[in-house]
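# Working through the structure, step by step
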Amino acid sequence: MKFSSLTDRVKGGAADVWDLHYLAKQAKERGEDVIVLSVGDPDFDTPERVIDRAARAMHDGDTHYTSILGHQELREAIAARHRMLSGQAVDAEQVITTSGAQNALFACSLCLLDVGDEAIVLQPMYVTYEATIQAPGATLVPVLLDAEQGFRLDRDSLLSAVTERTRAIFFASPSNPTGVALNPEELELIAEVARQHDLWVVAESVYEDFVYDDDFQHISSLPDMAERVISIGSLSKSYAMSGWRVGWAIAPPQMIANMEKLALCMLYGLPGFIQQAGAEALNHCKDDLQRMREVYRQRRDMLYAEFSAIAGLEPLLPEAGMFMMVNVLGSGLSTPDFTRALYQATGVSVLDATAFGANAEGYVRISFTVADEELQEACRRIKTFMEGRV
Ligand SMILES: Cc1ncc(COP(=O)(O)O)c(C=O)c1O
C-alpha cells in the first residue's frame with residue numbers, strides 16, 4: 001500500500017546516532033551499571049502542587065473537551081510570563097496552548113511554509129527541526145554556526161542563506177545542543193534580515209528559564225518585530241513537566257487564528273486538568289524553578305571544571321540549558337567511535353553531537369539531567385577512560 005510523500009519528509013533526524021542512547025536506556029532499565037547522559041529530560045519530579053492541582057481538577061470534572069485555544073487562566077499566565085521576560089506587550093488573546101513546544105513548532109511550519117519555500121535554521125539545531133520544516137514540502141536552509149567561534153551567529157553566513165524563496169527564520173535560543181543564548185547583536189542581526197526581507201521569525205525558547213549568567217533577550221521585543229515573531233515555549237524543562245505536554249505559541253492575532261483552525265482538526269484542545277496544572281506551575285511554582293535552576297547551574301560549573309582538567313577534552317561553557325558540548329577529538333577518536341568506546345569501557349552514554357548537524361563534528365553532547373552523585377561518578381569514569389587514551 002502507498003503512503004503519502006509526507007511520511008518520507010518527516011523521516012529526518014540522524015537516526016543511527018540515537019542507537020547507542022536506546023541501548024544505554026534499555027541497559028539502565030534492566031538494572032545494569034550505566035549512566036545515561038545522552039538525553040535531556042529533567043531528573044526532577046514535577047512540583048507537588050502541580051500534581052495536586054491536576055488531581056483536584058480531575059475530581060472536579062475538568063475532564064471534558066476544552067476550548068481549542070486553551071483555558072483563559074493558562075493563557076493569561078503565559079502572556080504575563082512573556083510580558084515579564086520579554087517586555088513585549090502581549091495579552092492572552094495572542095496565546096494558543098499546544099501539546100508542548102514541539103507541537104507549536106510543527107503548527108508554525110504548516111501555517112507559514114509551502115512547497116518550494118525555504119526556511120533558515122541555525123545549525124547545530126534540535127533534532128526535530130529537519131522533519132518539521134520539511135513536512136509542508138519546504139526546504140531547510142542551514143546557517144552553519146562555527147564551532148571555532150563557539151557556535152555564535154555570523155553576519156555573512158546568515159546573509160548568504162537568504163534567497164527570494166526564504167519565508168522564515170527558525171531558531172532555538174537558548175540552543176539545544178550548544179547552550180548558546182543569542183546576544184542582543186545576534187538578535188538584532190536576525191531582526192534586521194527579517195525586516196528587510198519580510199520574513200517570519202519562529203523563536204523557540206524552552207530553556208529560557210535556565211540562563212545562568214546574563215539576562216535572556218527575546219527577539220519579539222525589538223522594534224517592529226512583534227508583527228512577525230512567533231514566540232514558542234513550554235513547561236517541559238522549566239517545571240520538570242516534559243510528560244505533561246504543555247506548550248504554547250505567542251503570535252500576532254491572524255497567526256493565532258490560523259493556528260486555532262489547524263489545532264481544531266489536529267489536536268482539539270489540551271486536557272483541561274493538564275491546563276489547570278500548567279497554570280498552577282506558572283502562577284505558584286517560582287521557588288521550584290529557582291531551586292532547579294540553581295542545581296543545574298552548579299552541575300554545569302562542576303562539569304566544566306572537571307572536563308577542563310581532563311587532557312584531550314575541550315568543554316564549551318553553556319550559557320544556558322542542561323547540556324554541555326565537549327570536543328573529544330583529543331582522544332584520537334571520531335565522535336561516533338568515542339561514544340561507542342566510552343560506553344563499552346565505562347557504561348556512560350553521551351550523544352554524538354552530529355545528530356544536530358555535521359558542523360558539530362568533533363563534539364559530544366553531555367546532559368546534566370542526572371543526580372549529582374551519578375554525574376560525579378560519570379566524570380570519574382570519563383577521566384579514567386581518557387587517561388587510557390592520551
Ligand atoms: C530546543 C528544543 N525544542 C523543543 C523541544 C521539545 O520541547 P517540548 O517538550 O516542549 O515539546 C526540546 C526538547 O528537548 C528542545 O530541546
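Before any of the text, the structure's been laid out above.
An account of the accompanying structure is given in this report. Predicted model, so just to flag it, every value in this text is computed and none were measured.

### Digging into the overall build of the protein chain
Within the protein chain one finds 13 helices and 13 strands. Whereas a compact globule of 390 residues would reach a radius of gyration of roughly 21 Å, the protein chain reaches 21 Å, a difference of no more than 12%. Taking all 390 residues of the protein chain together, 57% fall into the buried category. Total accessible area computed for the protein chain in this model is approximately 16,600 Å², and 50% of it derives from carbon and sulfur atoms. Positive and negative side-chain charges of the protein chain, numbering 33 and 56 respectively, have mean locations separated by a distance of 3 Å.

### Here's the deal with the pairing of strand β6 (residues 200–204)
For a regular strand, the rule is simple: side chains alternate between the two faces of the sheet. Among the five residues that make up β6, four are buried, leaving the element largely enclosed by the rest of the structure. Note that strand β5 (residues 166–172) and β6 share five bridges and pair parallel. Bridged to F171 within β6 is A203. Viewed along the sheet, the connection from β5 through helix α8 (residues 184–197) into β6 turns out right-handed.

### Digging into the nonpolar core
In this structure, L37, F170, I230, I232, F307, L313 and F338 are the most contacted members of the largest nonpolar core, which totals 87 residues. Ignoring any residue separated from it by four or fewer positions in sequence, one finds L313 in contact with F307, V326, N327, V328, F338, I382 and M386. Counting 37 residues, the second largest nonpolar core, distinct from the first, contains W18, F151, I219 and M325.

### Points about the sheet that holds strand β9 (residues 314–315)
Read from one edge of the open sheet, four strands run β9-β10-β13-β12, paired in antiparallel fashion. At either margin of the open sheet sits one strand with a lone partner, and together these are β9 and β12 (351–352). Strands in contact with helix α11 (residues 286–308) are β9, β10 (323–327) and β13 (363–367); relative to β10, the strand with the most contacts, it is inclined by about 10 degrees.

### Side note on unusual backbone geometry
With an omega of -5 degrees, the peptide bond running from S173 to P174 counts as cis. P177 follows N176 through a cis peptide bond whose omega is 25 degrees. Counting through the fold element by element, P177 comes out in the loop between β5 and α8. One non-glycine residue, D224, lies in the positive phi region at around 60 degrees. Residue classification places D224 among the exposed positions, given a relative accessible area of 54%. The phi angle at Y268 is positive, at roughly 60 degrees, despite the residue not being glycine.

### Considerations on the site of the ligand
Surrounding the ligand, one finds 13 residues, the nearest of these being A101, E204, Y207, S234 and S236. At 2.8 Å, a backbone N or O of A101 approaches an oxygen atom of the ligand. The contact in question runs from a nitrogen atom of the ligand to an N or O atom on the side chain of E204, over 2.6 Å. Its free accessible area being 390 Å², the ligand has 92% of it covered by the protein chains. If you tally residues by element for the shell around the ligand, the top one is helix α5 (residues 100–112), at three residues.

How each quantity is defined
- Residues numbered from 1 in each chain as written.
- Predicted model: local features only at pLDDT ≥ 70, side-chain atom pairs only at ≥ 80, totals over all residues.
- Heavy atoms only, no water.
- Helix = DSSP H or I, 4+ residues; strand = E, 2+ residues; numbered from the N terminus.
- Rg over C-alpha atoms; globule rule 2.2 N^0.38 Å.
- Buried < 20%, exposed > 50% of the residue type's maximum accessible area, 1.4 Å probe, protein only.
- Areas by Shrake-Rupley, 256 points an atom, 1.4 Å probe, with all protein chains shown as cover.
- Lys, Arg positive; Asp, Glu negative; His and termini not counted.
- Charge placed at Lys NZ, Arg CZ, Asp CG, Glu CD.
- Pairing = 2+ DSSP bridges.
- Right-handed = clockwise from strand over helix to strand, strands pointing away.
- Core = buried A, V, L, I, M, F, W, Y, C linked by side-chain atoms within 4.5 Å.
- Contact = heavy atoms within 4.5 Å.
- Axes fitted to C-alpha atoms, helices over the stretch in contact; angles between N-to-C directions.
- Near = heavy atom within 4 Å.
- Polar contact = N/O pair within 3.5 Å; in protein donor to acceptor, adjacent residues only side chain to side chain.

What is shown is where atoms sit, not what they do.
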